[in-house]
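What the coordinates show
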Amino acid sequence: MLLTPLLSPCCLDCRSTSNLTMGTDLEKCMATMIRVFNEHSGKESGDPHKLDQSELESIMQKELPNYFKAMGSKEKIGKLMETLDVDGDKQVSFKEFGMLVICLTMACHEYFVAQK
């Protein structure tokens, strides 16, 4: 199911951290996800719209440190990169990064549901 054609353009300016204080919790979450991706993308790869493996590792270390620690090795980061890189370009796009975030979020939700 492709929702992109059904959605209107983003009305929240995600480029400025001052804008992260406006909007609903979910809108702020979306803006933060975009900002975090943009802060890390292009530093090594040169492409501001993609993450290479070192940039993905940087996001994992800084933004998802508990998951990074649980992964335990750089080889697992490489495997994660291969899994996320659905188009095979050896980089992770924002869409591919979004899948990581949503899959981790769903796994957390399932864990908490099972704990009840």
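The structure we're discussing is the one just above.
Below is a short write-up of the structure. (Residues numbered from 1 in each chain as written. Predicted model: local features only at pLDDT ≥ 70, side-chain atom pairs only at ≥ 80, totals over all residues. Heavy atoms only, no water.)

1. With respect to the pattern of salt bridges
Summed over the entire model, instances satisfying the criterion amount to 5 salt bridges. A salt bridge links Lys50 to Asp87; its shortest N-O distance comes to 3.9 Å. Here the residue Lys50 occupies a position in strand β1 (residues 50-51), and Asp87 occupies one in the loop between α4 (74-84) and β2 (92-93), the gap between them amounting to 37 residues. Of the charged contacts in the structure, one is a salt bridge between Asp89 and Lys50, with a shortest N-O distance of 2.3 Å. Of this pair, Asp89 sits in the loop between α4 and β2 while Lys50 is found in strand β1, placing the two residues 39 residues apart along the sequence. Residue Asp89 is classed as partly exposed on the basis of its relative accessible area, which comes to 27%. Relative accessible area serves as the criterion here: at 16%, Lys50 is assigned to the buried category. Beyond isolated ion pairs, a larger network of salt bridges with shared partners links Lys50, Asp87 and Asp89. (Salt bridge = Lys/Arg side-chain N within 4 Å of Asp/Glu carboxyl O. Helix = DSSP H or I, 4+ residues; strand = E, 2+ residues; numbered from the N terminus. Buried < 20%, exposed > 50% of the residue type's maximum accessible area, 1.4 Å probe, protein only.)

2. Looking at the packing of aromatic side chains
Under the definition given, this model contains 4 aromatic pairs. Between Phe37 and Phe94, the ring centres sit 5.2 Å apart and the planes meet at 85°, which makes this aromatic pair edge-to-face. With a gap of 57 residues between them, Phe37 in helix α1 (residues 25-40) and Phe94 in helix α5 (residues 94-115) connect regions that are remote in the sequence. Owing to a relative accessible area of 2%, Phe37 belongs among the buried residues under this scheme. These aromatic residues form a ring-pair network of at least three members: Phe37, Phe94 and Phe97. (Phe/Tyr/Trp six-rings, centres within 6.5 Å; stacked < 30°, edge-to-face > 60°.)

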